[in-house]
Amino acid sequence: MVQNYQFREQEASLQNLNGYNPRVFPAFHQTVRSHFPGTLPLESYMSKTYECLSSHGFVDENTMGMVAICRDEIADPLFDAVVKYWGKTFNCCSLAGFVTMGKTGLAAATDHTPIFDGLRRFTFYAMPHIAISRYGEIGKVYRQGLDKPSHACGALEAIVKELELGCLNLETDMQDIEQSIVRQKIISTLQYGAKPDLVEITKLACQIISKDLEKLLRTLNSSVFNYAVMTGIQIHGPLETQWVYPQNFYVIGSEGKKVIDLL
């Protein structure tokens, strides 16, 4: 009881600190620099992507947002940020941020996009997530109301543990369909005997999500649809700070694919 009280007191005193300041929680910032160089605060990432896309004709009035991130509630700030910048946003979320909506889900989403000057525009943010504590602990997050740390991403961490134990169930469980899909997609890309840690498997998940999304969106007619794709890794830091490790960023239009260097 005394320990819980001391923990709450410590948390309350930390709320006055700026978690985005690199001099605060140096272990966290060192871990981010080591594993995810080029990471940006979420707000900076969103403003940069919005600014870049505005020069390509994407503005909130003529564009709809789409988001594929994890169902975890701590991932909500990214969804909220897309709504803030792009207005109405289609929810494409699933466990670990994998794109499981399929052609039917995409048809529903694209059917809702506004039409301006004969074009339908949307922005698609898709990424897995990972937590890093103020102590630099990979995968650990201290959630409000819980005395013990929990995990993010729990779905990916479960697969890491299964690989460590050498015990994998590759059957499709209809009562756990999303986790079955995530497991099968990850295992299909690994060499036999590989045991990636959480950082490695999160980066692998990002690559799979990027490829799956590009393949799915390739079915759209670029003379009708102009769209932008942003992939990366959402990082949850101490004091509920939110970060993004940018990866792919490109625009598809009538002239083809244009890759954008955000950094």
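The structure this text deals with has already been given above.
Presented here is a report on the structure given in the accompanying data block. Treat the numbers as computed from the prediction; the structure is a model and nothing was measured.

## Things to note about the pattern of salt bridges
In total, this model carries six salt bridges according to the counting rule given. Among the salt bridges present, the one from lysine 84 reaches glutamate 43, with a minimum N-O distance of 3.3 Å. Of the two residues, lysine 84 is situated in helix α4 (residues 76-86) and glutamate 43 in helix α3 (residues 42-54); the sequence distance between them amounts to 41 residues. Lysine 140 is the partner of glutamate 137 in a salt bridge, and the nearest nitrogen-oxygen pair spans 3.7 Å.

## Here's the deal with the pairing of strand β5 (residues 119-126)
For β5, a buried count of eight out of eight residues is recorded, marking the element as mostly surrounded by other parts of the structure. Covered by surrounding structure in β5 are Leu119, Arg121, Thr123 and Tyr125 together with Arg120, Phe122, Phe124 and Ala126, the residues of both alternating faces. Inspection of the sheet shows strand β2 (residues 63-68) paired to β5 by six bridges, in the parallel sense. When the bridges of β5 are listed, methionine 66 appears paired with phenylalanine 124. When strand β4 (residues 115-116) meets β5, the two strands line up antiparallel, connected through two bridges. Directly across from phenylalanine 116, in β5, lies its bridge partner leucine 119.

## A word on the packing of aromatic side chains
Any aromatic ring pair is given by two values, namely how distant the centres are and how the planes are angled relative to each other. Applying the stated criterion across every chain, the model contains eight aromatic pairs. Summarising the aromatic geometry, the rings of tyrosine 45 and tyrosine 125 are spaced 6.3 Å apart at their centres and angled 75 degrees between planes, so their arrangement reads as edge-to-face. Of the two residues, tyrosine 45 is situated in helix α3 and tyrosine 125 in strand β5; the sequence distance between them amounts to 80 residues. Of the residues examined, tyrosine 45 reaches a relative accessible area of 1% and is grouped as buried. Using a relative accessible area of 0% as the deciding quantity, one classes tyrosine 125 as buried. Where phenylalanine 122 meets tyrosine 227, the ring centres are 5.1 Å apart and the plane angle is 10 degrees; that geometry is what we call stacked.

Reading guide: rules and limits
Residues numbered from 1 in each chain as written. Predicted model: local features only at pLDDT ≥ 70, side-chain atom pairs only at ≥ 80, totals over all residues. Heavy atoms only, no water. Salt bridge = Lys/Arg side-chain N within 4 Å of Asp/Glu carboxyl O. Helix = DSSP H or I, 4+ residues; strand = E, 2+ residues; numbered from the N terminus. Buried < 20%, exposed > 50% of the residue type's maximum accessible area, 1.4 Å probe, protein only. Pairing = 2+ DSSP bridges. Phe/Tyr/Trp six-rings, centres within 6.5 Å; stacked < 30°, edge-to-face > 60°.

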